[in-house]
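Close look at the chain arrangement
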Amino acid sequence: GVVRVYRDWQTQRRLVSAWNLLPELVPQASSGNRISCGLCVAWDSATELLAGAGDTKYVRLWDCKTEMKLTDLPSATDSFVTSLSMNESARLLAASYNDGSIRLYDPRSPPASARVMMYREHGKFVLCCRSQLNGKLVSGCTDGIVKVWDMRRQSSTSTIKTGQNLILFDIHQSAPLFAGWTISSQLSVHNLNTGKVLNQIRYHEGILGQRLNSVNCLRFHPSLVQLASGSADSYLSLHGLRKY
(Lines give C-alpha, C1' and ligand atoms only; values in the text may rest on other atoms or scores of the structure.)
Protein backbone atom coordinates (compact mmCIF):
# COMPACT_ATOMS: atom_id res chain seq x y z
CA GLY A 1 0.00 0.00 0.00
CA VAL A 2 2.99 2.36 -0.28
CA VAL A 3 2.81 5.29 -2.74
CA ARG A 4 5.72 7.47 -3.88
CA VAL A 5 5.33 10.80 -5.71
CA TYR A 6 8.13 12.08 -7.97
CA ARG A 7 8.73 15.31 -9.88
CA ASP A 8 10.94 16.10 -12.92
CA TRP A 9 10.94 12.40 -13.71
CA GLN A 10 11.97 13.00 -17.35
CA THR A 11 15.19 14.85 -16.50
CA GLN A 12 16.34 14.53 -12.90
CA ARG A 13 13.90 12.45 -10.90
CA ARG A 14 13.26 13.72 -7.38
CA LEU A 15 11.18 12.13 -4.66
CA VAL A 16 8.55 14.59 -3.39
CA SER A 17 6.61 12.48 -0.93
CA ALA A 18 5.98 8.89 0.15
CA TRP A 19 3.41 7.36 2.48
CA ASN A 20 1.40 4.23 3.18
CA LEU A 21 -1.87 4.91 1.40
CA LEU A 22 -3.64 1.73 2.52
CA PRO A 23 -2.10 0.18 5.66
CA GLU A 24 -5.06 -2.23 5.85
CA LEU A 25 -4.31 -3.70 2.42
CA VAL A 26 -3.47 -7.39 2.65
CA PRO A 27 -0.23 -8.18 0.74
CA GLN A 28 -0.72 -10.55 -2.17
CA ALA A 29 1.90 -12.89 -0.71
CA SER A 30 -0.19 -13.20 2.49
CA SER A 31 -3.65 -13.39 0.89
CA GLY A 32 -3.63 -17.20 0.65
CA ASN A 33 -6.26 -18.58 -1.71
CA ARG A 34 -8.01 -15.21 -2.07
CA ILE A 35 -7.30 -13.53 -5.40
CA SER A 36 -6.37 -9.85 -5.28
CA CYS A 37 -5.12 -7.19 -7.69
CA GLY A 38 -3.03 -5.43 -5.06
CA LEU A 39 -3.11 -1.65 -4.89
CA CYS A 40 -5.08 0.21 -7.59
CA VAL A 41 -4.63 3.97 -7.96
CA ALA A 42 -6.08 6.81 -10.07
CA TRP A 43 -4.66 10.31 -10.42
CA ASP A 44 -6.42 13.61 -11.17
CA SER A 45 -3.75 16.09 -12.28
CA ALA A 46 -6.10 19.10 -12.16
CA THR A 47 -6.96 18.75 -8.47
CA GLU A 48 -3.85 16.73 -7.46
CA LEU A 49 -6.18 14.14 -6.00
CA LEU A 50 -5.10 10.51 -5.67
CA ALA A 51 -7.54 7.65 -5.23
CA GLY A 52 -6.46 4.25 -3.96
CA ALA A 53 -8.23 0.95 -3.30
CA GLY A 54 -7.73 -2.79 -3.34
CA ASP A 55 -8.87 -5.68 -1.17
CA THR A 56 -10.37 -3.24 1.34
CA LYS A 57 -13.84 -2.05 2.36
CA TYR A 58 -13.41 1.47 0.98
CA VAL A 59 -11.83 3.71 -1.66
CA ARG A 60 -9.45 6.24 -0.10
CA LEU A 61 -9.04 9.78 -1.46
CA TRP A 62 -5.79 11.63 -0.75
CA ASP A 63 -4.89 15.27 -1.36
CA CYS A 64 -1.27 15.22 -2.56
CA LYS A 65 -0.91 19.00 -2.27
CA THR A 66 -1.64 19.10 1.46
CA GLU A 67 -0.52 15.49 2.04
CA MET A 68 -3.72 14.73 3.91
CA LYS A 69 -6.43 12.10 3.64
CA LEU A 70 -9.69 13.59 2.38
CA THR A 71 -12.17 10.79 2.94
CA ASP A 72 -12.92 7.08 2.66
CA LEU A 73 -15.74 6.08 0.30
CA PRO A 74 -17.37 2.81 1.49
CA SER A 75 -17.57 0.06 -1.12
CA ALA A 76 -20.47 -1.74 0.60
CA THR A 77 -19.37 -5.07 -0.90
CA ASP A 78 -17.07 -7.99 -0.05
CA SER A 79 -15.53 -7.85 -3.55
CA PHE A 80 -12.20 -6.16 -4.17
CA VAL A 81 -11.39 -3.33 -6.56
CA THR A 82 -9.74 -4.33 -9.86
CA SER A 83 -9.21 -0.85 -11.37
CA LEU A 84 -9.87 2.85 -10.76
CA SER A 85 -10.38 5.71 -13.20
CA MET A 86 -10.93 9.44 -12.63
CA ASN A 87 -13.10 11.51 -14.95
CA GLU A 88 -11.48 14.95 -14.82
CA SER A 89 -14.33 16.79 -16.54
CA ALA A 90 -17.22 15.40 -14.48
CA ARG A 91 -15.12 14.88 -11.32
CA LEU A 92 -16.38 11.31 -10.99
CA LEU A 93 -14.46 8.25 -9.84
CA ALA A 94 -15.15 4.86 -11.45
CA ALA A 95 -14.23 1.64 -9.65
CA SER A 96 -14.57 -1.87 -11.10
CA TYR A 97 -14.85 -4.99 -8.95
CA ASN A 98 -14.17 -8.68 -9.33
CA ASP A 99 -17.88 -9.54 -9.04
CA GLY A 100 -18.53 -7.81 -12.40
CA SER A 101 -19.94 -4.58 -10.99
CA ILE A 102 -18.82 -1.00 -11.69
CA ARG A 103 -19.54 1.79 -9.22
CA LEU A 104 -19.42 5.54 -9.82
CA TYR A 105 -18.55 7.85 -6.93
CA ASP A 106 -18.78 11.61 -6.56
CA PRO A 107 -15.88 12.61 -4.26
CA ARG A 108 -17.58 15.94 -3.51
CA SER A 109 -20.50 14.24 -1.75
CA PRO A 110 -20.56 12.90 1.83
CA PRO A 111 -19.16 9.32 2.05
CA ALA A 112 -22.54 7.75 2.80
CA SER A 113 -24.10 9.17 -0.39
CA ALA A 114 -21.02 9.35 -2.62
CA ARG A 115 -22.03 6.39 -4.80
CA VAL A 116 -24.14 7.84 -7.60
CA MET A 117 -24.40 4.89 -10.00
CA MET A 118 -23.81 1.14 -10.16
CA TYR A 119 -23.63 -1.03 -13.28
CA ARG A 120 -24.12 -4.80 -13.18
CA GLU A 121 -24.13 -5.90 -16.82
CA HIS A 122 -20.78 -7.72 -16.67
CA GLY A 123 -21.06 -11.30 -15.50
CA LYS A 124 -17.35 -11.91 -14.98
CA PHE A 125 -14.25 -10.38 -13.42
CA VAL A 126 -13.87 -6.80 -14.72
CA LEU A 127 -10.24 -6.35 -15.74
CA CYS A 128 -10.24 -2.61 -16.41
CA CYS A 129 -12.49 0.43 -16.68
CA ARG A 130 -11.35 3.73 -18.15
CA SER A 131 -12.93 7.18 -18.40
CA GLN A 132 -12.22 8.64 -21.82
CA LEU A 133 -11.84 12.32 -22.65
CA ASN A 134 -15.19 12.31 -24.51
CA GLY A 135 -17.02 11.57 -21.26
CA LYS A 136 -17.59 7.88 -21.99
CA LEU A 137 -16.67 5.00 -19.70
CA VAL A 138 -15.28 1.79 -21.22
CA SER A 139 -14.91 -1.53 -19.41
CA GLY A 140 -13.86 -5.06 -20.28
CA CYS A 141 -14.05 -8.38 -18.43
CA THR A 142 -12.42 -11.79 -18.60
CA ASP A 143 -15.02 -13.31 -20.97
CA GLY A 144 -13.99 -10.87 -23.71
CA ILE A 145 -17.04 -8.59 -23.51
CA VAL A 146 -16.34 -4.84 -23.78
CA LYS A 147 -19.00 -2.29 -22.86
CA VAL A 148 -19.25 1.45 -23.45
CA TRP A 149 -21.20 3.50 -20.91
CA ASP A 150 -22.73 6.93 -20.85
CA MET A 151 -22.29 7.87 -17.19
CA ARG A 152 -25.64 9.67 -17.23
CA ARG A 153 -27.55 6.47 -18.03
CA GLN A 154 -28.32 3.28 -16.14
CA SER A 155 -27.31 0.90 -18.96
CA SER A 156 -24.51 0.55 -21.51
CA THR A 157 -24.75 2.22 -24.90
CA SER A 158 -22.88 -0.47 -26.85
CA THR A 159 -21.42 -3.95 -26.37
CA ILE A 160 -18.52 -5.56 -28.22
CA LYS A 161 -17.88 -9.32 -28.08
CA THR A 162 -14.27 -10.15 -28.91
CA GLY A 163 -14.91 -13.90 -28.84
CA GLN A 164 -11.78 -14.54 -26.76
CA ASN A 165 -11.23 -14.93 -23.04
CA LEU A 166 -8.95 -12.19 -21.74
CA ILE A 167 -6.27 -12.17 -19.06
CA LEU A 168 -5.21 -8.52 -19.39
CA PHE A 169 -7.10 -5.57 -20.82
CA ASP A 170 -6.58 -1.83 -21.31
CA ILE A 171 -8.35 1.07 -23.04
CA HIS A 172 -6.84 4.16 -24.63
CA GLN A 173 -7.82 7.37 -22.88
CA SER A 174 -8.63 9.37 -26.03
CA ALA A 175 -8.32 7.17 -29.14
CA PRO A 176 -11.03 4.56 -29.96
CA LEU A 177 -8.74 1.63 -29.18
CA PHE A 178 -8.59 -1.22 -26.70
CA ALA A 179 -6.19 -4.13 -26.35
CA GLY A 180 -6.21 -7.46 -24.58
CA TRP A 181 -3.90 -10.38 -23.84
CA THR A 182 -5.83 -13.59 -24.43
CA ILE A 183 -5.58 -17.10 -23.01
CA SER A 184 -4.29 -18.22 -26.42
CA SER A 185 -1.15 -16.09 -25.83
CA GLN A 186 -1.79 -13.35 -28.33
CA LEU A 187 -2.07 -9.59 -28.03
CA SER A 188 -5.11 -8.23 -29.87
CA VAL A 189 -5.78 -4.56 -30.65
CA HIS A 190 -9.35 -3.60 -31.56
CA ASN A 191 -11.26 -0.60 -32.81
CA LEU A 192 -13.64 0.55 -30.07
CA ASN A 193 -16.29 1.87 -32.49
CA THR A 194 -16.61 -1.25 -34.63
CA GLY A 195 -14.92 -4.00 -32.62
CA LYS A 196 -12.75 -4.84 -35.63
CA VAL A 197 -9.39 -6.47 -34.95
CA LEU A 198 -6.68 -4.04 -36.07
CA ASN A 199 -3.68 -6.18 -35.22
CA GLN A 200 -2.76 -9.45 -33.52
CA ILE A 201 0.68 -10.07 -32.06
CA ARG A 202 1.34 -13.68 -31.15
CA TYR A 203 3.80 -15.29 -28.79
CA HIS A 204 7.16 -15.89 -30.45
CA GLU A 205 10.71 -16.65 -29.38
CA GLY A 206 12.35 -13.77 -31.24
CA ILE A 207 14.54 -15.66 -33.72
CA LEU A 208 13.97 -13.02 -36.42
CA GLY A 209 12.97 -10.09 -34.21
CA GLN A 210 11.92 -8.88 -30.79
CA ARG A 211 10.86 -11.66 -28.47
CA LEU A 212 7.32 -11.63 -27.05
CA ASN A 213 6.89 -13.87 -24.03
CA SER A 214 3.86 -14.30 -21.78
CA VAL A 215 2.58 -10.79 -21.00
CA ASN A 216 1.78 -9.88 -17.38
CA CYS A 217 1.09 -6.13 -17.69
CA LEU A 218 -0.42 -3.97 -20.42
CA ARG A 219 -0.90 -0.20 -20.71
CA PHE A 220 -1.68 2.41 -23.38
CA HIS A 221 0.08 5.76 -23.47
CA PRO A 222 -2.40 8.41 -22.23
CA SER A 223 -2.03 10.62 -25.33
CA LEU A 224 0.12 8.87 -27.96
CA VAL A 225 -1.07 5.87 -29.96
CA GLN A 226 1.40 3.52 -28.31
CA LEU A 227 0.93 0.33 -26.30
CA ALA A 228 3.45 -1.03 -23.79
CA SER A 229 3.53 -4.65 -22.64
CA GLY A 230 5.74 -6.22 -20.01
CA SER A 231 6.52 -9.93 -19.79
CA ALA A 232 7.61 -12.26 -17.02
CA ASP A 233 11.16 -12.50 -18.40
CA SER A 234 11.75 -8.73 -17.82
CA TYR A 235 11.19 -7.71 -21.45
CA LEU A 236 9.32 -4.47 -22.13
CA SER A 237 7.81 -4.11 -25.63
CA LEU A 238 6.48 -0.87 -27.12
CA HIS A 239 4.00 -1.11 -29.99
CA GLY A 240 2.93 1.85 -32.14
CA LEU A 241 1.71 2.87 -35.56
CA ARG A 242 3.59 1.45 -38.51
CA LYS A 243 5.73 4.02 -40.33
CA TYR A 244 5.87 3.67 -44.10
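Note that the structure is predicted; figures quoted are calculated from it, not measured.

Another point: the overall build of the protein. Counting its secondary structure elements, the protein contains 0 helices and 21 strands. For a compact globule of 244 residues, the expected C-alpha radius of gyration is about 18 Å, and the protein comes in at 18 Å, within 12% of that figure. In the protein, of all internal contacts separated by at least 6 residues, the share reaching a separation of at least 24 is 37%. Here the protein carries 27 positive and 18 negative side-chain charges, and the mean point of each set is 5 Å from the other.

Looking now at the sheet that holds strand β7 (residues 81-87). Taken in spatial order, the 4 strands of this open sheet run β7-β8-β9-β10, and their pairing is antiparallel. Two strands in the sheet have a free side with no partner beyond their single neighbour: β7 and β10 (115-119). Between one strand axis and the next, the sheet turns by 20° as a mean value, whatever way the strands run. Strand direction decides the pairing type here: strand β8 (residues 92-97) and strand β9 (residues 102-105), joined by 4 bridges, are antiparallel. Bridge pairing links Ser96 to Ile102 in β9.

This paragraph deals with the environment of Leu93. Positionally, Leu93 belongs in strand β8. Judged by relative accessible area, Leu93 falls into the buried class, the value being 0%. Along the chain, Leu93 and Thr66 lie 27 residues apart, while their C-alpha atoms are 20 Å from each other. When residues no more than four places from it in sequence are discounted, the contact partners of Leu93 are Ala42, Ala51, Val59, Leu61, Leu73, Leu84, Ser85, Met86, Arg103, Leu104, Tyr105 and Pro107.

So, about the packing of aromatic side chains. Following the criterion strictly, the structure yields 4 aromatic pairs and no others. For Arg13, the ring lying beneath its charged end belongs to Tyr6, and the centroid distance is 4.9 Å. The ring of Tyr97 carries the charged tip of Arg103 above its face, separated from the ring centre by 4.7 Å.

What follows concerns the environment of Trp62. Counting through the fold element by element, Trp62 comes out in strand β5 (residues 58-63). The class of Trp62 is buried, set by a relative accessible area of 14%. Taking C-alpha positions, Trp62 is 28 Å from Asn216, a pair spaced 154 residues apart along the chain. Excluding residues within four positions of it along the chain, Trp62 makes contact with Trp19, Leu21, Glu48, Leu49, Leu50, Glu67, Met68, Lys69 and Leu70.

Inspection of the secondary structure assignment puts Ser188 in strand β17 (residues 186-191). Residue contacts for Ser188: discarding those within four places in its chain leaves Gln164, Phe178, Ala179, Gly180, Thr182, Asn199 and Gln200.

It is worth spelling out unusual backbone geometry at this point. Negative phi values dominate among residues other than glycine, just as trans dominates among peptide bonds. If you check the backbone angles, Glu48 has positive phi at about 55° while not being a glycine. Here Glu48 lies in the loop between β3 (40-44) and β4 (49-53). Phi at Ser185 takes a positive value of approximately 60°, unusual for a residue other than glycine. Within the fold, Ser185 resides in the loop between β16 (177-182) and β17. A relative accessible area of 30% means that Ser185 is categorised as partly exposed.

This next bit is on the pattern of salt bridges. Within this structure, the stated rule accounts for 13 salt bridges. As a salt-bridge pair, Arg60 and Glu24 come within 4.0 Å of each other at their nearest N and O atoms. Of this pair, Arg60 sits in strand β5 while Glu24 sits in the loop between β2 (14-20) and β3, and the two are 36 residues apart along the sequence. The salt bridge partner of Glu121 is Lys147, with a shortest N-O separation of 3.2 Å. In this pair, Glu121 is assigned in the loop between β10 and β11 (126-131) and Lys147 in strand β13 (residues 145-150), connecting sequence segments 26 residues apart. The exposure class of Glu121 is partly exposed, given its relative accessible area of 34%. Judged by its relative accessible area of 9%, Lys147 falls in the buried class. Connected through salt bridges with shared partners, the residues Glu24, Arg60, Lys69 and Asp72 form a single ionic network.

Another point: the pairing of β16. Along β16, 6 of the 6 residues are buried, which leaves the element largely enclosed by surrounding structure. Side chains of β16 alternate between two faces, with Leu177, Ala179 and Trp181 and Phe178, Gly180 and Thr182 buried alike. The hairpin formed by strand β15 (residues 166-171) and β16 contains 5 residues between the paired strands. Direction of pairing for β16 relative to β17: antiparallel, over a ladder of 5 bridges.

About the thresholds
Residues numbered from 1 in each chain as written. Predicted model: local features only at pLDDT ≥ 70, side-chain atom pairs only at ≥ 80, totals over all residues. Heavy atoms only, no water. Helix = DSSP H or I, 4+ residues; strand = E, 2+ residues; numbered from the N terminus. Rg over C-alpha atoms; globule rule 2.2 N^0.38 Å. Contact = heavy atoms within 4.5 Å. Lys, Arg positive; Asp, Glu negative; His and termini not counted. Charge placed at Lys NZ, Arg CZ, Asp CG, Glu CD. Pairing = 2+ DSSP bridges. Axes fitted to C-alpha atoms, helices over the stretch in contact; angles between N-to-C directions. Buried < 20%, exposed > 50% of the residue type's maximum accessible area, 1.4 Å probe, protein only. Phe/Tyr/Trp six-rings, centres within 6.5 Å; stacked < 30°, edge-to-face > 60°. Lys NZ or Arg CZ within 6 Å of the ring centre and 35° of its normal. Salt bridge = Lys/Arg side-chain N within 4 Å of Asp/Glu carboxyl O.

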